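# Descriptive analysis of the structure
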Amino acid sequence: MKVGHSLCLAALSLAILTACNKAPDDSNEKDTIKQSGATESIQIAAPVAKKIPHEMTIHGDTRIDNYYWMRDDERKDAAVIAHLNAENAYVESKLAHTQTLQNTLFEELKGRIEKDDDTVPTKKGDYYYFSQTRGDDEYPVYVRSQDSQGEGKQVILNVNELAKNHDYFAVTGLAVSPNGNLLAYGEDTVSRRIYTIKVKDLTTGKMLTESLEGTEGDVVWANDNKTFYYIKKDLQTLLGYQVYRHTLGTPQADDELVYEEKNTSYYTGIYKSKDQQEIYISHGSTSASGVSVIDANDVKAMPKRFIEREAGLEYDIQKLGDWYYIVTNLNAVNFQLMKVHRDKAHDKTNWQTVIAGRDKVKFEGIELFNNHLVYEEREMGQTRITIRDLRNQQEQIVAFNDPTYMVFSYGNSELDNPNLRVYYSSMTTPGSSYDINLESGEKTLLKQRTVLGDFNPSNYTSERIYVTARDGVDVPVSLVYRKDKFKKDGSNPLMQYGYGSYGATMDPSFSSSRLSLLDRGFVFAIAHIRGSQMLGRPWYEDGKLLHKQNTFNDFVDVTKSLAAQKYADKDNVFAMGGSAGGLLMGAVVNQAPELYKGVIAAVPFVDVVTTMLDDSLPLTTNEYDEWGNPNDKVYYDYMLSYSPYDQVKKQAYPNMLVTTGLHDSQVQYFEPAKWVAKLREYKTDDNLLLFKTDMEAGHGGASGRFKSLQDTALYYAFMLDLADIEN
């Protein structure tokens, strides 16, 4: 079952869920920072970026960008690096008085994490695969065993060893050959999401000579155990667009190109059927998708379109015996499930409806087993999983008790598995893995993430409420707070999080880090604004292109309502979003700055018009169906009306903390760098404006399970300081 989260967001968006801080008065944005134990104070001035006018004209409209010079594709320009370092020094000095709090928070966050931890083994082929983390190790050790109890355990990859000499290190796409003897994976040491594929012989423990550069990192093996497929990236746009076939022991230069995506609005992916007989190339744009099929048993086979691609048609396939099951929006706005025999698959008129689409229920995905179909739907914003016996068509719904939660299937690699594996979490329930018996529906809890310390779920309450937006539409909001710290009298500080793009739905889930806010009296809210698919596909359509303003209005209206309903102290409201959620933050601070005491914009997409006019950048041509193509004047004018960078004006802004990574592959570092420079030029307030660049990381922030907590501690300290909560 594929959980539909879009490319540049999911992991990042829920990972950065918090932050904001306190501003001392100073009209010149200078401040006296008292170092702990110091007898002297240090006067720190905010960096002032030089202005070099850069003229851009289109549709008869000329824009002057004084900070365009900050763009450096090579990330080596001395002036740019010096400016970013100056901004980092400014952040450090302005928040020096919070260093003790940051340290306390870091230890607190780290102290809740079980140092020695194993994931639940999942079966694939002849082995059970899982990962282990130990002690203060930053990275996992990947392991396999002969049974689910760990018998005959074998380490297949120790990421800690690989990462030793790198400031940043990430692995992706671990793929074991069908015979179980070889492991292929991608590694990235820069954080640009450009991976080098390596291959390890699991029978000897030695690395092969393979080193395939410039890839997406994902590998799919053919069934001969010596051939695999991978995706190569365009190193300018960073789009994966070419699928190559590689034979072990041969140079990358000899690899065979089997598919090239000519349409730059499409992403390219690869995966394998559960019965291991077919390899699929997925084609996905914002508003259309498709699949090409390769015979996994024929290393000379070329991909064939399942059906020809069509504008507006989305579908995904899974195979069971001689039948394909198809999740599609064909004649169904909220998607439906269809099936077709393999002999008739390539004509849509042969597709048969299995579960028809409905106006109020979004069909989200499936999982297939020999005798069972498991399907996932979303109704009134809540996910529901149903098990259907394919022999008699009887159904049973998998039930959970929380008022609002997140659940999805994972690790279901075997058609003959008697159980469905799911991951479950709510805002008060730590992440939990269950096996659900396909025949009886009985749930077996395999593991619930341990939260160290004095955590007790009964101390916390979550709610799902609805807020009526200015156009009469009801917007879902998920809330969580600590019972003994909350009074519905308008006295609690509030952190409101939002995303609202790409149809990505940010389901309510547990965060042990968030406890540091809740335990200090914060209410935490996720505003499920338009632009997601929380209330179905129309909820997404009503929050993109020429309807994008609805996303911003929803967020603002939720803030106003939560204050009016006394969930929040109206003078202590904080907001946070990252990536496209950073665009949300940028629009909100331009349009309703008075509502927020502090705002955190992480890796924010804020220079919308300029970026979308530059097709050499990632996040451009394949995003036209999300934002619009500004080469068309209608979209240019509309995007210009909300683009955070273009709409900066002379007004008071909230206290702000903006973050980025120098090597960000999705939203280039110079977007927030320019935005902050322009905000400094225009803002009329004395509030904090801080800009922090991780000089070693990219879109997802620091690598490593503990190192990334330093960013969270910074966010929380910034916010707690502003809220005047010291500990």
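Figured I'd write up the structure that's included with this text. Since we're looking at a predicted model, the values are computed, not measured.

Parameters and conventions
Residues numbered from 1 in each chain as written. Predicted model: local features only at pLDDT ≥ 70, side-chain atom pairs only at ≥ 80, totals over all residues. Heavy atoms only, no water. Salt bridge = Lys/Arg side-chain N within 4 Å of Asp/Glu carboxyl O. Helix = DSSP H or I, 4+ residues; strand = E, 2+ residues; numbered from the N terminus. Buried < 20%, exposed > 50% of the residue type's maximum accessible area, 1.4 Å probe, protein only. Phe/Tyr/Trp six-rings, centres within 6.5 Å; stacked < 30°, edge-to-face > 60°. Lys NZ or Arg CZ within 6 Å of the ring centre and 35° of its normal. Core = buried A, V, L, I, M, F, W, Y, C linked by side-chain atoms within 4.5 Å. Contact = heavy atoms within 4.5 Å. Pairing = 2+ DSSP bridges. Axes fitted to C-alpha atoms, helices over the stretch in contact; angles between N-to-C directions. Polar contact = N/O pair within 3.5 Å; in protein donor to acceptor, adjacent residues only side chain to side chain.

### Regarding the pattern of salt bridges
For the structure on display, the rule yields 45 salt bridges. When the shortest N-O distance is used, the salt bridge between Glu278 and Arg342 registers 3.5 Å. Separated by 64 residues along the polypeptide, Glu278 in strand β18 (residues 278-284) and Arg342 in the loop between β23 (336-341) and β24 (352-355) bring together distant segments of the chain. Judged by its relative accessible area of 7%, Glu278 is buried. Across the salt bridge formed by Asp685 and Lys683, the nearest N and O atoms sit 2.7 Å from each other. For Asp685, a relative accessible area of 13% corresponds to the buried category. With a relative accessible area of 12%, Lys683 lands in the buried category. Linked through salt bridges whose partners overlap, the residues forming this network are Glu314, Arg537, Glu541 and Lys544.

### Side note on the packing of aromatic side chains
Tallied over the entire structure, the rule returns 28 aromatic pairs. With a centroid separation of 6.5 Å and an interplanar angle of 35°, the aromatic rings of Tyr499 and Tyr502 are classed as tilted. By the burial criterion, Tyr499 is buried, and Tyr502 matches it. Following the ring pairs from residue to residue traces out a cluster consisting of Trp221, Phe228, Tyr230 and Tyr244. Here Lys232 stacks its cationic end above the ring of Tyr244, 5.8 Å away from the centre of that ring. Lying across the ring of Phe369, Lys274 places its NZ or CZ 4.5 Å from the centre.

### Notes on the nonpolar core
Membership of the largest hydrophobic core comes to 119 residues, with the highest contact counts inside it found for Phe522, Phe555, Leu562, Tyr596, Trp627, Met656 and Trp675. Considering every element that reaches this core, the biggest residue donor is helix α13 (residues 709-722), with ten residues. In this structure, Trp627 is in contact with Ser501, Tyr502, Leu545, Lys548, Ala580, Leu583, Phe605, Met612, Tyr635, Met639 and Tyr642, ignoring residues within four places of it in sequence. Membership of the second largest hydrophobic core comes to 16 residues, among which are Tyr271, Leu313, Tyr315 and Trp351.

### Let's talk about the sheet that holds β24
The four strands are arranged β21-β22-β23-β24 in an open sheet whose pairing can be described as antiparallel. Of all strands in the sheet, those bounded by a partner on one side alone are β21 (315-320) and β24. Going from strand to strand, the sheet's axes swing by 30° on average, the running direction of each strand aside.

### As for the side chain of Ser289
Note that Ser289 resides in strand β19 (residues 289-295). Among the polar contacts made by the side chain of Ser289, one reaches the main-chain amide nitrogen of Tyr315 at a distance of 2.9 Å.

### What to know about the sheet that holds strand β14 (residues 227-233)
Strand order in this open sheet of seven strands is β10-β11-β12-β13-β14-β15-β16, and the pairing throughout is antiparallel. Only two strands of the sheet have a single partner each, and these edge strands are β10 (170-176) and β16 (256-260). Averaged over all adjacent pairs, the angle separating strand axes in this sheet is 35°, with direction ignored. Relative to β16, strand β15 (residues 240-247) is paired through four bridges, and the arrangement is antiparallel. The residue bridging Gln242 from the neighbouring strand is Glu260, located in β16.

### Notes on helix α11 (residues 633-642)
Every buried residue of α11 is listed here: Tyr636, Tyr638, Met639, Leu640 and Tyr642. Elements that come into contact with the buried residues of α11 comprise β3 (54-58), β4 (61-65), α7 (549-564), α8 (580-591), α9 (608-612) and α10 (624-627). Residue Asp632 occupies the N-cap position of α11, its side-chain oxygen lying 3.1 Å from the main-chain nitrogen of Val634.

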